[in-house]
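Read off the chains here:
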Amino acid sequence: MTWVVADTIWWDGRVHRESALCLTPGARKVVPVAEVPAGEPRRRVPGAVLPGLCDAHVHSALIDLPTLRAGGIAYVWDLGGVPAAVAAWAGRFPMRYAGPFLIAPGGYPSDRSWAPAGSCREVLSAGDAAAAVAEVVAVGATLVKVTAHAGGPLLPPATLEALVSAAHTAGLPVVVHAEGPGTVVAAYRAGADLLAHTPWTSALDAGLVRDAAARMTWISTLDIHGRDTPTPAWETALGNLRLFLEHGGKVRYGTDLGNGPLPPGINVRELRALQSAGLDPASVLATMTEADHAEPTWLPAGLDLDPETFAGSLATARVLTPEVRPRV
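Notes on the structure follow. Small disclaimer: the values here were computed from a predicted structure and weren't measured. (Residues numbered from 1 in each chain as written. Predicted model: local features only at pLDDT ≥ 70, side-chain atom pairs only at ≥ 80, totals over all residues. Heavy atoms only, no water.)

### Looking at the sheet that holds strand 6 (residues 42–44)
Working step 1: Taken together, the four strands give an open sheet; going across it, the order is 5-4-1-6, and neighbouring strands pair in mixed fashion. Edge positions in the sheet fall to strand 5 (30–32) and strand 6, since each has one partner strand and no second. Across the sheet, the axes of successive neighbouring strands diverge by a mean angle of 30 degrees, strand direction being ignored.
Working step 2: Sheet analysis places strand 1 (residues 3–5) next to strand 6, joined by three bridges and oriented parallel. Note that in strand 6 the partner of Val 5 across the bridge is Arg 44. (Pairing = 2+ DSSP bridges. Helix = DSSP H or I, 4+ residues; strand = E, 2+ residues; numbered from the N terminus. Axes fitted to C-alpha atoms, helices over the stretch in contact; angles between N-to-C directions.)

Spelled out as structure tokens, the structure:
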């Protein structure tokens, strides 16, 4: 076992002092320093240590993952790309990934210039759903990404339901890109587990939001709507997320990195938007930390949970790799 000792350790939703974190994957835990077995290696760092920070919506084909890691993100979810290319990155960067976008014939995003050839897999019918999911499983994906974009061809309800059923049979959760009228309710009725974005095209029916909150997780991606200049889409998404959270819905921090000029690291604007939606700093951290799958995070100046300064302070986060040698 290898241990790290810091001024404070934020773990399991609370601050630990005079404690040590076991760095061994699969055995991560926090114990009082006095309980660290004699002779086991210890590493002392100043400031605070917390679980690795995760961006739950990126596209590795459109960004530079090493730059993202240098910016404090230890783990990502890749939500759509060329399967072989994404799988190759997975061998070098801690991630889970969805493989290709599963789409209606001619559907989004096959009509977008940013979607590389081979990044979409058309699902021809409900009978084709099991084969499509089997292909996702075969490339090592642990998520299934399906698109429902009302601006183009949509998967029929029976096909969407068949995809969800096949994914669940394979033990994989389904993430839906739901954009436009009727797409959120279609994702919900089909049994999808997550939405890739907080819905932004219209204010959702309160009953639908209540029902979704009981079963679904939404990935935030608020900052793509205006990038620090509030827009109607940003206001709509924020309103939907506030209602979702009021009903107890679960949200994950995600930025849709690769979608325009977003910061390749901790997105302070996304953090502040989550606070505007009603989350306190500790709850924001809960949306973005991965205790088991990522290397821990190091905050040289310590953990700042003051609502006014929290977001900016988190931008100093660094992945606590073996190469990091802070002065003590």
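This is not the end of the story, as more comes after the structure.
### Here's the deal with the packing of aromatic side chains
Working step 1: Scanning all chains against the criterion turns up three aromatic pairs.
Working step 2: Here Phe 101 and Trp 114 contribute two aromatic rings whose centre-to-centre distance is 6.1 Å and whose plane-to-plane angle is 65 degrees, an arrangement assigned as edge-to-face. Of this pair, Phe 101 sits in strand 11 (residues 101–103) while Trp 114 sits in the loop between strand 11 and strand 12 (120–122), and the two are 13 residues apart along the sequence.
Working step 3: Under the relative-accessibility criterion, Trp 114 is labelled partly exposed at 33%.
Working step 4: Judged by centre distance (3.8 Å) and plane angle (5 degrees), the rings of Trp 218 and Phe 244 are stacked. Separated by 26 residues along the polypeptide, Trp 218 in strand 16 (residues 217–219) and Phe 244 in helix 7 (residues 232–246) bring together distant segments of the chain. Both residues of the pair, Trp 218 and Phe 244, belong to the buried class. (Phe/Tyr/Trp six-rings, centres within 6.5 Å; stacked < 30°, edge-to-face > 60°. Buried < 20%, exposed > 50% of the residue type's maximum accessible area, 1.4 Å probe, protein only.)

### Observations regarding the sheet that holds strand 8 (residues 52–58)
Working step 1: Across the sheet, four strands lie side by side as 10-9-8-18; this open sheet has mixed pairing. The open sheet has two edge strands, strand 10 (95–97) and strand 18 (289–290), and neither has a second partner.
Working step 2: Pairing of strand 8 with strand 18 involves two bridges; the strand directions are antiparallel. Residue pairing for strand 18: Leu 53 is matched across the bridge by Thr 289.
Working step 3: Lying over the sheet, helix 2 (residues 83–90) contacts strand 9 (75–78) and strand 10, oriented at roughly 160 degrees with respect to strand 10. (Contact = heavy atoms within 4.5 Å.)

### Concerning the pairing of strand 9
Working step 1: Burial of strand 9 is two-sided: the residues Tyr 75 and Trp 77 facing one way and the residues Val 76 and Asp 78 facing the other way are all buried.
Working step 2: The sheet contact formed by strand 8 and strand 9 spans three bridges and is parallel. Each residue of the ladder has a partner; that of Val 58, found in strand 9, is Asp 78.
Working step 3: As for the winding sense of the linkage, the β-α-β connection from strand 8 through helix 1 (residues 65–70) to strand 9 is right-handed.
Working step 4: Sheet topology note: the strand 9/strand 10 ladder contains three bridges and is parallel. Its bridge partner being in strand 10, Val 76 is matched across the sheet by Met 95. (Right-handed = clockwise from strand over helix to strand, strands pointing away.)

These results come straight from atomic positions and should not be treated as a statement about function.
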